[in-house]
Structures are given as C-alpha cells and as structure tokens.
Amino acid sequence: MPNPSPSFREIVNLEELQKLFTTFSAATGYPTGLVECASGEVLFGTGWRELCANFHRQNPASKEQCHAGNLKIEHGLEKPGDIRINRCPHGLVHGCTPIIVNGYRLANIFTGQVLFAPPDIDHFKKQARQFSYDEAAYLEALAETPVVSEEKFSAMLGFLAQMATMIARSGLANLRLQE
C-alpha cells in the first residue's frame, strides 16, 4: 500500500531542525540522530559521543552491529509518543521515538550513547580487541561516557517524543497552508 503522506523532507526545514537538535544536545548533553524511515538515511546527528563517532561507527564490522541495533530498537514504534529504550550491541543505552504523520512513521529520533551503571571495563577491553580499536583511546572515550539514571533518560526521551509529535503536526500544517 503506497504511503499517502508527504515525505519527511517535504514537511520540515532540516536546517532549522538540525539547529534545534544541536541546541538540545549542547543544553542537555544528550546526542541526537534523525533517521528518515523511507530511505534509512541518517539526516543528521548532533552531539555524538567519541565512543560511537570515532570507534563504533568507524569500524565496518561494529558499524554493522550499530545498524542492526537501530533496526531492532525502532521496530514496532507505531504511535506518536511511543518510546523504546534498549542496550545497543556495544553495551551503551540508546532510545528511539518515531515522528508519525497521518498514521505513517516518516522518521525516527535516536538518542543515548549513555550508560545506566558504571561500565564493565573488561567487557569494553574485550570489545576493543575484537574490533582492533586502540584500547587506550577507546577506554579514554568510555571514561567520557556519562552514567545516568534510567528515570532521567526516560524523561528526556519522553520530551523528545513530545517534540517529535509537535514537529510532525507543525510540518503537516505548514504543508497544508502551502497547498
């Protein structure tokens, strides 16, 4: 069945949205990623942690695991305000909420790259060896990864879910005005 909704790019100004998310990341310390569902394209990312940006996403094998983790966490998000929190394949916590217009999920907002408890250093050392990371640099990046409470993370993801709903409604209203 074809999607009668407009594409995500048709209803939002990506440049303005990226500025909003960049400000959010700077103010909260939480990174964001916006992924268009139709193409699977990462439209932008803000405030990414060194652990993910310089290690997990740079190695082809670990990047593939990141992609698989994203597919798993976004599965089943069908209603505005839905949120999902999961542990990524590399041991960090991430969350996702959909942007839904006319009943169609057009994009997903991802955040995370945090821990809910102090890291198991042996696990991360093993992972560094598995993917041939510079172990000292990897552990240094790990040390910069914040440990947050699940409650605080859930509240922040709830905020992003509300913002996603507002973005979808605002963008669709703007499109209708243009028509």
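These remarks concern the structure in this document. (Residues numbered from 1 in each chain as written. Predicted model: local features only at pLDDT ≥ 70, side-chain atom pairs only at ≥ 80, totals over all residues. Heavy atoms only, no water.)

### With respect to the sheet that holds strand E5 (residues 104-114)
Pairing is antiparallel across the open sheet formed by five strands, whose spatial order is E2-E1-E5-E4-E3. Strand pairing shows two members of the sheet lacking a second neighbour, strand E2 (42-46) and strand E3 (84-87), which therefore form its edges. Put simply, the sheet's adjacent strands are angled 20° from each other on average, direction ignored. When E3 meets strand E4 (residues 93-101), the two strands line up antiparallel, connected through four bridges. Residue pairing for E4: Asn-86 is matched across the bridge by His-94. Where helix H7 (residues 150-178) meets the sheet, it contacts E3, E4 and E5, and its direction lies at approximately 20° from that of E4. (Pairing = 2+ DSSP bridges. Helix = DSSP H or I, 4+ residues; strand = E, 2+ residues; numbered from the N terminus. Axes fitted to C-alpha atoms, helices over the stretch in contact; angles between N-to-C directions. Contact = heavy atoms within 4.5 Å.)

### As for the pairing of strand E1 (residues 32-36)
Along E1, five of the five residues are buried, which leaves the element largely enclosed by surrounding structure. Of the two faces of E1, both are covered, the one formed by Thr-32, Leu-34 and Glu-36 as well as the one formed by Gly-33 and Val-35. Linking E1 to E2, which pair antiparallel, is a turn of five residues; within it Gly-40 sits at a positive phi near 75°. Examined bridge by bridge, E1 and E5 share five bridges and lie antiparallel to one another. Within E5, the position partnered with Gly-33 by the bridge is Phe-110. (Buried < 20%, exposed > 50% of the residue type's maximum accessible area, 1.4 Å probe, protein only.)

### Comments concerning the environment of Gly-81
Structurally, Gly-81 can be placed in the loop between helix H4 (60-74) and E3. Spatially, the C-alpha atoms of Gly-81 and Ala-164 are 7.9 Å apart, while their sequence positions differ by 83 residues.

### Considering the pairing of E5
Of all eleven residues in E5, nine are buried, a share of seventy percent or more. As paired strands, E4 and E5 are joined by nine bridges and run antiparallel to one another. In the strand pairing of E5, Gly-95 is matched with Thr-111. Linkage of E4 to E5, two consecutive antiparallel strands, is achieved through a turn of two residues, within which Asn-102 is found at a positive phi near 50°.

### Things to note about helix H6 (residues 135-143)
Residues of H6 that are buried: Tyr-138, Ala-141 and Leu-142. Looking straight down H6, one finds its buried side chains confined to an arc of 105°; they lie on one side. Those residues of H6 that are exposed and angled more than 90 degrees off the buried face are Ala-136, Glu-140 and Ala-143. Looking at the buried residues of H6, the elements they touch are helix H3 (50-56) and helix H5 (121-130). A side-chain oxygen of the first residue of H6 lies 3.1 Å from the backbone nitrogen of Ala-136; this N-cap is Asp-134. (Arc of directions from axis to C-beta. Polar contact = N/O pair within 3.5 Å; in protein donor to acceptor, adjacent residues only side chain to side chain.)

### Some thoughts on the nonpolar core
Core analysis: the largest hydrophobic core is formed by 28 residues, its most contacted members being Phe-8, Leu-17, Phe-21, Leu-34, Ile-99 and Leu-160. Elements represented by at least two residues in this core include exactly helix H1 (8-11), helix H2 (14-28), E2, E4, E5 and H7. By residue number, the principal contributor to this core is H7, which donates ten residues. With near-sequence residues (within four places) excluded, Leu-17 lies in contact with Phe-8, Val-12, Leu-34, Phe-44 and Ile-167. In this structure, Phe-124, Ala-128, Tyr-133 and Tyr-138 belong to the second largest nonpolar core, which totals 13 residues. (Core = buried A, V, L, I, M, F, W, Y, C linked by side-chain atoms within 4.5 Å.)

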